[in-house]
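Structural description and commentary
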Amino acid sequence: MRRKLLRLVLAACLSGALLPLPLLAGEASGPAAEFSLPARGGPPVALSALRGQVVLVNFWATWCGPCRKEMPLLEQIHRKYAPLGFTLLGINVEEDTTHMEAFLGDVPVTFPVLLDPANHVSKLYDVAAMPSTVIIDRKGQVRYIHQGWQPGDESRYQDVIRQLIRERT
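Numbering of residues starts from 1 in every chain and runs along the sequence as written. Local features in this predicted model are restricted to residues whose pLDDT is 70 or higher, and side-chain atom pairs enter the listing and the counts only when it is 80 or higher, whereas totals over whole chains, interfaces and linings include all residues. Excluding hydrogens and water, the side-chain values take into account all heavy atoms of the structure.

The cut-offs for exposure are 20% and 50% of the maximum accessible area for each residue type, with area from a 1.4 Å probe on protein chains only; residues under the lower value are buried, those over the upper are exposed, and the others partly exposed. Helix and strand definitions here come from DSSP, where helices need a minimum of 4 consecutive H or I residues and strands a minimum of 2 consecutive E residues; each element is numbered from the N-terminal end. Within the sequence span of helix 3 (residues 98-106), burial applies to M100, F103 and L104. Looking straight down helix 3, one finds its buried side chains confined to an arc of 95°; they lie on one side. Turned more than 90 degrees away from the buried face of helix 3, the exposed residues are G105 and D106. Buried residues along helix 3 sit in contact with strand 3 (54-60), helix 2 (65-81), strand 4 (86-92) and strand 5 (113-115). Each C-beta atom gives one direction from the helix axis, and the arc is the one those directions make. In this analysis, two residues are considered to be in contact whenever any of their non-hydrogen atoms come within 4.5 Å of each other.

Put into structure tokens, the structure is as follows:
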């Protein structure tokens, strides 16, 4: 009986018949904390204004080596999924923007870079490592949290983004 039940659960998982996006270790659910931050070279951006889109929020700093390596990959993700109802927000946590401006001069991005020099928003999201990535669904629910970065992590981000884009509000 137990073996039969395990087979049924496995079959359901493989067919996608269970939850649209099962929560795994490192993932989360619950409402995303609201914030509004000034944007580099533009008006402030409020998370609430992005309701209805899938949003990836990436907390980063130029002193973080993995952040620097991840940035061009985030730009690729942004360009690929933006036409499908996706927004990427980079939140820089440095007090002084001098290094950020120099870095973005060398590694330009087209997604909004927001400024959180006092780390108010990073505290709202309990950021404990750089970089940290939070993915929020169209309803404003946190669906995925990842701290740190290693090559290949961007593939998991894309899996989550594709799944959330397919979900209907």
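Per-residue confidence from the prediction method is given by pLDDT, with values spanning 0 to 100. Model confidence for the chain is summarised by a mean pLDDT of 86, while 83% of its residues fall at 70 or above. Note that residues 1-26 has pLDDT below 50 and, in this model, 19 contacts with residues that lie over four places away or in other chains.

Nonpolar cores were defined as sets of buried Ala, Val, Leu, Ile, Met, Phe, Trp, Tyr and Cys residues, with membership established by side-chain atoms within 4.5 Å. Of all hydrophobic cores here, the largest spans 48 residues; its most connected members are F35 and Y125. Examining the composition of this core, we find that six residues originate from one element, strand 3, more than from any other. Discounting chain neighbours no more than four positions away, the residues touching Y125 are A32, A33, F35, L47, F59, V134, I136 and V142.

For the rest of this paragraph, the subject is the environment of G152. Positionally, G152 belongs in the loop between strand 7 (142-147) and helix 5 (153-166). Given the relative accessible area of 35%, G152 is considered partly exposed. Put simply, G152 and E70 are 82 residues apart on the chain and 10.0 Å apart in space, counted from C-alpha to C-alpha.

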